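Coordinate inspection notes
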Amino acid sequence: MPPAASNSPSAAPIIPGKQQLIEGDKLFASIKPQNGLSAQHDIAPLQLGKSRNVSENRPGISPDVITPEVSRPSTPYSLKPMVDFDGLSWPSLGTRERLEATPDEAAARLNKLSGAIKTLLECIGEDPNREGLLDTPMRYANAMLYFTKGYEENLKNIVNNAVFQENHDELVIVKDIEVFSMCEHHLVPFTGKMHIGYIPNNKVLGLSKFARIAEMFARRLQLQERLTKQVAMAIEEILQPQGVAVVMESAHLCMVMRGVEKTTATTTTSSMLGVFRKSTRTREEFMHLALRNNR
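This write-up is about the structure you can find in this document. No experiment lies behind these values; they were computed from the predicted model shown. (Residues numbered from 1 in each chain as written. Predicted model: local features only at pLDDT ≥ 70, side-chain atom pairs only at ≥ 80, totals over all residues. Heavy atoms only, no water.)

Description of the packing of aromatic side chains
Centre-to-centre distance and the angle between the planes together describe a pair of aromatic rings. Using the criterion set out here, one finds two aromatic pairs in the structure. Between Tyr 198 and Phe 210, the ring centres sit 5.3 Å apart and the planes meet at 35°, which makes this aromatic pair tilted. Note that Tyr 198 is positioned in strand 5 (residues 189-199) and Phe 210 in helix 6 (residues 207-218), a separation of 12 residues in sequence. Owing to a relative accessible area of 1%, Phe 210 belongs among the buried residues under this scheme. Where Phe 276 meets Phe 286, the ring centres are 5.9 Å apart and the plane angle is 70°; that geometry is what we call edge-to-face. Taken together, the positions of Phe 276 in helix 9 (residues 275-278) and Phe 286 in helix 10 (residues 280-291) put the pair 10 residues apart, joining distant regions of the chain. Take Phe 276: its relative accessible area is 0%, and that puts it in the buried class. In this structure Phe 286 comes out as buried when scored by relative accessible area, which is 0%. (Phe/Tyr/Trp six-rings, centres within 6.5 Å; stacked < 30°, edge-to-face > 60°. Helix = DSSP H or I, 4+ residues; strand = E, 2+ residues; numbered from the N terminus. Buried < 20%, exposed > 50% of the residue type's maximum accessible area, 1.4 Å probe, protein only.)

Considering the environment of Ile 173
With respect to the secondary-structure elements, Ile 173 resides in strand 4 (residues 172-183). Note on Ile 173: relative accessible area 26%, which makes it partly exposed. Between the C-alpha atoms of Ile 173 and Ala 290, which are 117 residues apart in sequence, the distance is 7.3 Å. If sequence neighbours within four positions are ignored, Ile 173 has contacts with Ile 196, Gly 197, Phe 286, Leu 289 and Ala 290. (Contact = heavy atoms within 4.5 Å.)

So, helix 10
Helix length check: helix 10, at 12 residues, gives a terminal C-alpha distance of 16 Å against a target of 16 Å (1.5 Å per residue), a fit within 8%. Taken together, the buried positions of helix 10 are Thr 282, Arg 283, Phe 286, Ala 290 and Leu 291. The buried residues of helix 10 all sit within an arc of 135° when viewed along its axis, so they share a single face. Within helix 10, the exposed residues directed more than 90 degrees away from the buried face are Arg 281 and His 288. The elements touched by buried residues of helix 10 are strand 4, strand 5, strand 8 (243-252), strand 9 (267-274) and helix 9. (Expected span 1.5 Å × (residues − 1). Arc of directions from axis to C-beta.)

Side note on the nonpolar core
A general trend in soluble globular proteins is that nonpolar side chains are found buried together. Met 194, Phe 210, Ile 213, Leu 227 and Val 231 are the most contacted members of the largest nonpolar core, which totals 33 residues. Mapped by element, the contributors of at least two residues to this core are helix 5 (155-159), strand 4, strand 5, strand 6 (203-205), helix 6, helix 7 (224-239) and strand 8. If you tally residues by element for this core, the top one is helix 7, at eight residues. Those residues within four positions of Leu 227 in sequence are excluded, and the remaining contacts are Val 179, Phe 190, Met 194, Ala 214, Phe 217, Ala 218, Gln 222 and Met 248. By size, the runner-up hydrophobic cluster in this structure holds eight residues, among which are Ile 199, Val 247, Phe 276 and Leu 291. (Core = buried A, V, L, I, M, F, W, Y, C linked by side-chain atoms within 4.5 Å.)

Considerations on the pattern of salt bridges
For the structure on display, the rule yields six salt bridges. Here Arg 219 makes a salt bridge to Glu 215, at a shortest N to O gap of 3.0 Å. We classify Arg 219 as buried; its relative accessible area is 11%. Bridged by salt links that share partners, the residues Lys 149, Glu 153, Glu 215 and Arg 219 form one connected network. (Salt bridge = Lys/Arg side-chain N within 4 Å of Asp/Glu carboxyl O.)

Considerations on the sheet that holds strand 8
Pairing in this open sheet of five strands is mixed, and the strands run 7-4-5-8-9 from one edge to the other. One side of each edge strand has no neighbouring strand; the edge strands of this open sheet are strand 7 (221-222) and strand 9. Alignment of strand 4 against strand 5, held across nine bridges, turns out to be antiparallel. Across the sheet, the residue bridging to Ile 177 is Met 194, located in strand 5. Together, strand 4, strand 5, strand 8 and strand 9 form the strand contacts of helix 10, whose direction differs from that of strand 5 by roughly 130°. (Pairing = 2+ DSSP bridges. Axes fitted to C-alpha atoms, helices over the stretch in contact; angles between N-to-C directions.)

Structure follows, in structure tokens:
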């Protein structure tokens, strides 16, 4: 004879799959909406309108079918907040420590790094005490600190009040900015060119500052995708323009010297903000002008 049913809430039958849903709710409970966006993602909702291809007289097709009026969301997907003006919100917690180090702390850092390079030489089977390698640990330590000098720089000092009021609302492009960076996955270089465009909103930035901003973010351990987005978001933060577009083309030694060893492979990344995301024509104009001599 089956046991009598209990009126206790704990005895309620468990519906198959419901427990997983409950656990899922707990998992995503900490994700809160920000800036009016949904809790599922931080992409701004598309502006929607009736499709031009839908006829109310066609049977079986709802007249309420809608398609996007714009080609992309107005803001990029990013798990990071907008860049702080000091430029130190990316990419690590140790950035400010290095920037504000005393001379004694900087010397201690250099010696520690030099010792690590000496250990590396020993681990690959070399003799760090032979003549050719005797000073290599310290040389490489100095070189690595230079390769990553972007950790000691910030946007405020780079911009240095070079923002000017100007009644210009057409496309401005600074192209073929040479970029040298270090891949964070293998600590080998990737090099290429960056093209930056923006449409001002009554404010312009001194042209040399675009190259300096690209240099600051490039001189850190990087991914090309992140580097491209960081430059675009930094310019947007400084100028609040109608839109910013950044395209980068580069070759990665991690693909050339190891792994697949494809010496002619290049990678192109882009980050489009504001009107460049919303308007296909504006984006195409930038791409045509920025890349027309590179093909």
